[in-house]
Each structure stands twice: as C-alpha cells, then as structure tokens.
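Chains, contacts and geometry: an overview
Take a look at the letters that make up each chain.
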Amino acid sequence: MSALAGRRIAITRPAGRGDTLAERLRALGAIPLLTPLIAYAPPADPAPLQQALSQLAAGQYDWLVVTSRQAVQVLADAVVPAATAIAAVGKGTAADCRRVWGREPASVPDEEFGAALPQAMGDLAGRRVLLPCADIAPPTLTEALQAAGASVDRVTAYCTIAGPGAADLAAALDRGEVDAIVLASGSAARQLRALIPLHAQPPVLVCIGPSTAAVCAAVELPVAAVAERPNDEALIAALEQVFIAHGFART
C-alpha cells in the first residue's frame, strides 16, 4: 500500500492543469482535492505582445524563450520562423512546443528552471531574444540573458490572478480535511498564505521546485519537501517520502 493511501492532497494548479497529477494520486489510493489557487487572464494592454509577435513572425528574433506551458498556450497561433530557435524551460514546456509548433526546442536545460537557460543556449552575444512571460515574473531571467550578451524584449503574455479554488480549500482546511498541499508556483504560495493565519501550522506543504519554496519561506509557510525535478513523478516521490518519514510507510 502506498504511503499516500487515504491522504487528502490539495492540488493548487490552475483549472485543468492538475488533472494528470490527480489521476496518479488516485491510483495510489490518495484523495486528490482540485483547488486551483491561481488562474490566467490576458494582459491589460495586448498591444506590446501583438507587436512582439509581429516582429517574431518577421524573423527579427534569434531566440524565442518560453518558461511556462501557459506561455506556449498563449502563443499557440504565433508564427515562429524556422530561423528562430526555441528555448524551453523544461520537458513539459518542450513537449508543448512540439505539440503546438511541431518544433523540437533547440535548448532545454538539464536543470528545469529559468536561471539555467542562458548557459544552455550557448553564445548569446548580440542575439535578440523574445521573452513572453507572466506579468509577475521576476526579472532574474531577463537579467541573466542580458548578462550573457543578449538583447531581450520581455513582454507580458498573460496575467496571473486568483483562482476559483480558494473558498473550497479554505473550507477544507477549517474542517481539518487536508493532509497535504502541492504548490507548483510562487503565485499559489502567496494565495495560500492568505488562507492560513500567520504562525498557524499548515498541512504538509510540498513544492515543485526551489523558487516556489523560496516564496514559501518569504511568506513564512513551512515547506516539508521540495521535488527533485519539476514534474508529477518527483512531486509524488516527495509526498511519499514525507509521509513515510511521519510513520505512514508502505505496508
């Protein structure tokens, strides 16, 4: 029996993005709770994005850098010339690039986070890069690409807003019906902070990566484990390890 059997695990990803993880948790006997804490909306001013996509179609960029699956979805109808290389932050985003554009990304770093992209992309001196991202994305990647010599056009492709699952998760927390919460973004961590009184002991929190864990630390949410890689398998492994450590071992 899995260490997760009978455990009620809240998945805070946007609607439709947590279904696969939920299926895998159910197969292990867990009870997934789909409580999306974030959602996405178009940018308030779409003009900069449209202008950048026109320049992309005209072949004015050497690289298109996509750091999330949402960015690929927003750009699904964009024309990406064959001469424009694509860099994807991880395997999931790379798979979406293949599905949407029929293109294999030229660069996918072994370490699946944005800061690893510039080194994986090779010589960027004088290269022009389009970086479509969320409105709240930190400037870290932009600065790293610029430090590597690239000319970067960062443009807001989508806005991150509060999701519809907050009330359901808050009610489940009040009833004590949540054993663990999976956080896949810093935005979800910030939304969760609003649901849990400061200094109150939350359920087990498992983060998809170090950047999400860093946001948890900044808002004073204790993290029980961080997945070794940003994918469902690693999240499940981290959850299992936590519950085994707490005495819920396989039998």
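Keep in mind that this is a model prediction, so the values were computed, not measured.

**Topic: the packing of aromatic side chains**
For any pair of aromatic rings, geometry is given as the distance between the ring centres together with the angle between the planes. According to the stated counting rule, one finds 1 aromatic pair in the structure shown. With a centroid separation of 5.1 Å and 80° between ring planes, the pair formed by Tyr-40 and Tyr-158 is classed as edge-to-face. With a gap of 118 residues between them, Tyr-40 in strand 3 (residues 38-41) and Tyr-158 in strand 7 (residues 151-162) connect regions that are remote in the sequence. With a relative accessible area of 29%, Tyr-40 lands in the partly exposed category. Overall, the relative accessible area of 7% leaves Tyr-158 in the buried class.

**Some thoughts on helix 6 (residues 140-147)**
Every α-helix carries 3.6 residues per turn, so stepping three or four residues along brings you back to the same face. Among the residues making up helix 6, those that are buried are Leu-141, Thr-142 and Leu-145. The arc enclosing the buried residues of helix 6, seen along the axis, measures out at 105°, which places them on a common side. Contact partners of the buried residues in helix 6: strand 4 (63-66), helix 5 (117-120), strand 6 (128-134) and strand 7. Looking one or two places after helix 6, you find Gly-149, whose phi comes out positive at around 105°.

**Some words on the confidence of the model for the protein chain**
Residue-level pLDDT values for the protein chain average 92, and 97% of them are 70 or greater. Least confident of the elements in the protein chain is helix 5, whose mean pLDDT is 90; most confident is helix 2 (residues 47-57), at 98.

**Thoughts on the environment of Cys-133**
For Cys-133, the location among the structural elements is in strand 6. It is 9.8 Å that separates the C-alpha atoms of Cys-133 and Val-74, two residues lying 59 residues apart in sequence. Sequence-distant contacts of Cys-133, defined by excluding residues within four places in its chain, comprise Arg-154, Val-155, Thr-156, Ala-157 and Tyr-158.

**Regarding the environment of Cys-159**
Inspection of the secondary structure assignment puts Cys-159 in strand 7. A C-alpha to C-alpha distance of 8.4 Å links Cys-159 and Ala-39, two positions 120 residues apart in sequence. With residues near it in sequence (within four places) discarded, Cys-159 still touches Ala-39, Tyr-40, Ala-41, Pro-42, Pro-43, Ala-44 and Asp-135.

**Re unusual backbone geometry**
For Glu-220, which is not a glycine, the phi torsion comes out positive at approximately 65°. Note that Glu-220 resides in the loop between helix 9 (210-218) and strand 10 (225-226).

**Quick look at the packing of helix 1 (residues 19-27) against helix 10 (residues 232-245)**
Helix-helix packing is characterised by the crossing angle of the two axes and by the distance between the axes. The N-to-C vectors of helix 1 and helix 10 enclose an angle of 45°; their axes lie 10 Å apart at closest approach. One way to sum up the angle between helix 1 and helix 10 is to call them oblique. Crossing of helix 1 over helix 10 shows right-handed handedness. Taking contact as the criterion, the partners of Thr-20, Leu-21, Arg-24 and Leu-25 in helix 1 are, on helix 10, Asp-232, Glu-233, Leu-235, Ile-236 and Leu-239. Counted by class, the contact of helix 1 with helix 10 contains 5 nonpolar, 1 polar and 3 charged residues.

**A look at the pattern of salt bridges**
Summed over all chains, the structure comprises 9 salt bridges. Asp-179 is paired through a salt bridge with Arg-8; the nearest N and O atoms lie 3.4 Å apart. With Asp-179 in the loop between helix 7 (166-174) and strand 8 (180-183) and Arg-8 in strand 1 (residues 8-11), the pair connects residues that are 171 residues apart, well separated along the chain. The exposure class of Arg-8 is partly exposed, given its relative accessible area of 28%. A salt bridge links Arg-69 to Asp-96; its shortest N-O distance comes to 2.8 Å. Taken together, the residues span a long stretch of sequence, with Arg-69 in helix 3 (residues 69-74) and Asp-96 in helix 4 (residues 91-101) at a distance of 27 residues. We classify Arg-69 as partly exposed; its relative accessible area is 43%. By sharing partners, the salt bridges in this structure join Arg-7, Arg-8 and Asp-179 into a single network.

Procedures and definitions
- Residues numbered from 1 in each chain as written.
- Predicted model: local features only at pLDDT ≥ 70, side-chain atom pairs only at ≥ 80, totals over all residues.
- Heavy atoms only, no water.
- Phe/Tyr/Trp six-rings, centres within 6.5 Å; stacked < 30°, edge-to-face > 60°.
- Helix = DSSP H or I, 4+ residues; strand = E, 2+ residues; numbered from the N terminus.
- Buried < 20%, exposed > 50% of the residue type's maximum accessible area, 1.4 Å probe, protein only.
- Arc of directions from axis to C-beta.
- Contact = heavy atoms within 4.5 Å.
- pLDDT = per-residue confidence, 0-100.
- Axes fitted to C-alpha atoms, helices over the stretch in contact; angles between N-to-C directions.
- Parallel < 35°, antiparallel > 145°, perpendicular 65-115°, else oblique.
- Left-handed = near helix turned anticlockwise from the far one by under 90°.
- Nonpolar A, V, L, I, M, F, W, Y, C, P; charged D, E, K, R; others polar.
- Salt bridge = Lys/Arg side-chain N within 4 Å of Asp/Glu carboxyl O.

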